[in-house]
Structures are given as C-alpha cells and as structure tokens.
Amino acid sequence: MATITHTHEEAHAHTHGPELQHQFETPEQQKEAATLGMWAFLVTEIMLFGGIFMAYIAYRWAFPEAWKESAALLNTPLATVNTVVLLVSSLTVALAVNAAEEGNKRRLLTMLVLTMLLGVTFLVIKGYEYSEKFAHCAGAKDPISWITGTDLRESHECLVPGRGFSFPAEHGAANTGHGTTTGLLQSGHQLFFFLYFCATGLHAIHMLIGLSVMGTITTMALRDRFSPTYFTPVEIGGLYWHLIDIIWVFLFPLFYLV
C-alpha cells in the first residue's frame, strides 16, 4: 500500500512539477488556496491594528490639544525619510514578483536583496528615533551623547510612557494642566506617546517578520525553487510586505502630521 501511494505521489509530481502538493489537483488550485489563506491572514492583521486605530480616534477626540502638542515633539523629518524608504521597498517587491514571473533569477535576487536593505534601513532609522526619546529621559542631548556619556544636561523632558514621564512646559503642558506627571497614563500627552510606541513598535515587529519572510524567499530563489509557472511564495510574501507599507502610510499622518 505504501509503495502504491509513493508511486502515485511520484507520478503526481512528474505530471505537475515537484512544487505541487499532493492535496491539490492543479497548480492553479494550489495558488488560489494560498492566496485565499494569505488574504484571510491579512484581514486578521488589519483587525489587530484596527484596535489601536480605534483607541487613537477616541483619545484624539478627548485630548485634541494634547495630541497637537505631542505630535510637535516627534521627529517628522526622519519619519518622512522612512516613508519614502518603505514606498520604494514596495516598488522593489513588485519588481521582484515581476522578475519571478518572467523567470529572471538575477533580477529577482537583486530586488529581494534591495527590499531587505530598505527594510533594515527603516528599522535603523526608527531605532534612532526611539533612542532619541530614551536619551532625553536620561538627560542626554542625543543618542550619541547618551552612549558616550558626554554633553549631558539636566533632563527637562521624558516622553517614554511610565512614572518618569515629563512633558516639557514650553510645548504647552503648563497651559493645559498636563505637566510633569508621576502616574501611569495620567495625561493626554502620555496617552499619545503610549499609543505611538504601541503602534510603531507593533509595526516594527511586523517589519522584522517581513525581513524573515524575504530572507526565506531569497534562499528559495538561490536554490532555484521558482520558475515562470511557480512563484507563489514570492507573490504571497509580497502581499505581506505591502501590508507593512500600507499600515505605515496610515501611521505616518496619524502621529506625525496631526
């Protein structure tokens, strides 16, 4: 019985190619099932971020002035650069899918590597932006000063949510009654930065996952696992990467362009 099953699977692979799994009758059916599964997964991801977006809407309505004052302390120029980086990475992913469809291995690998480099660039910039906030809490002028222990100053702000959170009075805290606070989430300013770190941090985690996906696809491409008739993993991985980009397109104006 095992011999018959093994022979059937060999004939199945010989007829349709080794990439066709035994539970599918045709490559088209396998591709449709994979695409449907990926879209179902993407819907759950949208629901995950949807909770953060709903919280954002509620608290922005409750603290409009605090939202405006808090957004002014974010590093908008760096975020703008990151937005361009992600938009370009969407282009390289689309070109990678096109290269896989045409069976151009060299261009496929080039586009995948470029996509990963752009993803790493995004994370490095975002990491620097985060480090600015922690450096200010430590009384340092910038992350370099924080690491080297030079050019320290008495901290007048700490925008990392927690008991040490302190919003600078010169940006409006004194006028709104939301100045330095020792409690957790006791002001609109702190709520803004709490949601900021939650949303952008969750997005950064998805970027790390996306880089892992692209690394796996690149390894598969190096092993000649794709052809003009089979490149479903490239398309599916591209969908996930586009989701990461689209979410950032919403996060950028919501937090930085208030």
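The rules behind these values
Numbering of residues begins from 1 in every chain and follows the order in which that chain's sequence is written. Local features in this predicted model are restricted to residues of pLDDT 70 or higher, and side-chain atom pairs are both shown and tallied only at a pLDDT of 80 or more, whereas totals for entire chains, interfaces and linings draw on every residue. Only hydrogens and water are removed before side-chain values are computed, so all heavy atoms of the structure are retained for them. The definition of a nonpolar core used throughout is a set of buried Ala, Val, Leu, Ile, Met, Phe, Trp, Tyr and Cys residues joined through side-chain atoms within 4.5 Å. We call a residue buried when its accessible area falls under 20% of the maximum for its residue type, exposed when it is over 50%, and partly exposed in between, using a 1.4 Å probe and counting protein chains only. Counting from the N terminus, the helices are DSSP H or I runs at least four residues long and the strands are E runs at least two residues long. When a carboxyl oxygen of Asp or Glu lies within 4 Å of a side-chain nitrogen of Lys or Arg, that pair is called a salt bridge. The score called pLDDT rates the predictor's confidence residue by residue, from a low of 0 to a high of 100. The criterion used for residue contact is that any of the two residues' heavy atoms lie within 4.5 Å. Each Phe, Tyr or Trp ring, with Trp reduced to its six-membered ring, pairs with another whose centre is within 6.5 Å; inter-plane angles below 30 degrees give stacked pairs, above 60 give edge-to-face pairs, and intermediate values give tilted ones. Residues are said to line a cavity or pocket when one of their atoms sits within 4 Å of a point; the points come from a 1 Å grid over protein atoms alone, cavities being sets where a 1.4 Å probe fits but cannot get out and pockets being open sets with protein on both sides within 12 Å along at least five of seven lines. Grid points are joined across faces, edges and corners, and a volume is the space filled by probe spheres set on the points. For this scheme, ten residues count as nonpolar: Ala, Val, Leu, Ile, Met, Phe, Trp, Tyr, Cys and Pro. Four count as charged, namely Asp, Glu, Lys and Arg, and the remainder, Gly too, count as polar. Angles here are taken between N-to-C directions and fall from 0 to 180 degrees, while the axes themselves are lines fitted to C-alpha atoms, restricted in helices to the stretch in contact. Orientation labels follow simple angle bins: below 35 degrees gives roughly parallel, above 145 gives roughly antiparallel, 65 to 115 gives roughly perpendicular, and whatever is left gives oblique. Left-handed describes a crossing in which the near helix is turned anticlockwise from the far one by less than a right angle; the clockwise case is right-handed. In this description, a disulfide is simply a cysteine sulfur pair whose atoms lie within 2.5 Å.

This part is about the nonpolar core. Counting 61 residues, the largest nonpolar core has Leu108, Phe193 and Phe255 as the members making the most contacts within it. When residues of this core are traced back to their parent elements, those giving at least two are α2 (27-62), α3 (64-71), α4 (76-102), α5 (105-137), α8 (188-222) and α9 (232-256). If you tally residues by element for this core, the top one is α8, at 15 residues.

This part covers the pattern of salt bridges. What the rule picks out here adds up to 3 salt bridges. Glu102 is the partner of Arg107 in a salt bridge, and the nearest nitrogen-oxygen pair spans 2.6 Å. Given the relative accessible area of 51%, Glu102 is considered exposed.

As a further point, take the confidence of the model for the chain. Per-residue confidence for the chain gives a mean pLDDT of 84, with 81% of residues at or over 70. pLDDT under 50 marks residues 1-15. Its contacts with residues more than four places away, or in other chains, come to 7 contacts.

Inspection of every chain in the model, using the stated rule, returns 19 aromatic pairs. Ring centres of Tyr56 and Phe255 lie 5.2 Å apart, and the angle between their planes is 70°; this geometry places the pair in the edge-to-face category. Placement of Tyr56 in helix α2 and of Phe255 in helix α9 is noted, with a sequence separation of 199 residues between them. When its relative accessible area of 1% is taken as the criterion, Phe255 is described as buried. Geometrically, the ring pair formed by Tyr130 and Phe197 is tilted, given 5.2 Å between the ring centres and 40° between the ring planes. Within this pair, whereas Tyr130 is found in helix α5, its partner Phe197 is found in helix α8, the two being separated by 67 residues in sequence. Phe197 carries the same exposure label as Tyr130, and that label is buried.

Looking now at the layout of surface pockets. If you add up the space inside the largest pocket, you get close to 200 Å³. Along its surface, the largest pocket is lined by Trp39, Leu42, Ile46, Phe49, Phe53, Leu239, His242, Leu243, Ile246, Ile247 and Phe250. Elements supplying a minimum of two residues to the lining of the largest pocket: α2 and α9. It is α9 that contributes the most residues to the lining of the largest pocket, 6 residues altogether. Across the lining of the largest pocket, the residue classes break down as 10 nonpolar, 1 polar and no charged.

Glancing now at the environment of Phe255. With 199 residues separating them in the primary sequence, Phe255 and Tyr56 have C-alpha atoms 9.3 Å apart. Here Phe255 is in contact with Tyr56, Ala71, Leu74, Phe192, Leu195, Tyr196 and Ala199, once residues within four sequence places are set aside.

Our focus in this paragraph is the packing of α4 against α5. The relative placement of two packed helices comes down to the angle between their axes together with the axis-to-axis distance. As a packed pair, α4 and α5 sit with axes 8 Å apart at the nearest point and diverge in direction by 160°. Between α4 and α5, the crossing angle belongs to the class labelled roughly antiparallel. Classified by chirality, the crossing of α5 by α4 is left-handed. By residue class, the composition of the contact of α4 with α5 is 18 nonpolar, 6 polar and 3 charged.

Attention now goes to empty space enclosed by the protein. Applying the stated criterion across every chain, the model contains 1 cavity of 30 Å³ or more. Taken as a whole, the largest cavity spans an internal volume of roughly 30 Å³. Taken together, Val93, Ala96, Val97, Leu112, Met214, Val234 and Gly238 make up the full set of residues lining the largest cavity. Counting residues per element, the ones that place at least two in the lining of the largest cavity are α4 and α9. Here the element with the most residues in the lining of the largest cavity is α4; it accounts for 3 residues. Its residues assigned to classes, the lining of the largest cavity comprises 6 nonpolar, 1 polar and no charged.

Put plainly, a disulfide is one covalent bond tying together the sulfur atoms of two cysteines. All chains considered together, the criterion is met by 1 disulfide. A disulfide bridge connects Cys137 with Cys158, and the sulfur atoms are separated by 1.9 Å. Between Cys137 and Cys158 the disulfide shows an S-S torsion of about 95°. By sign, it is right-handed. Residue Cys137 is found in helix α5, and its partner Cys158 is found in the loop between α6 (143-148) and α7 (173-176); the two are separated by 21 residues along the sequence. Classification of Cys137 as partly exposed rests on a relative accessible area of 25%.

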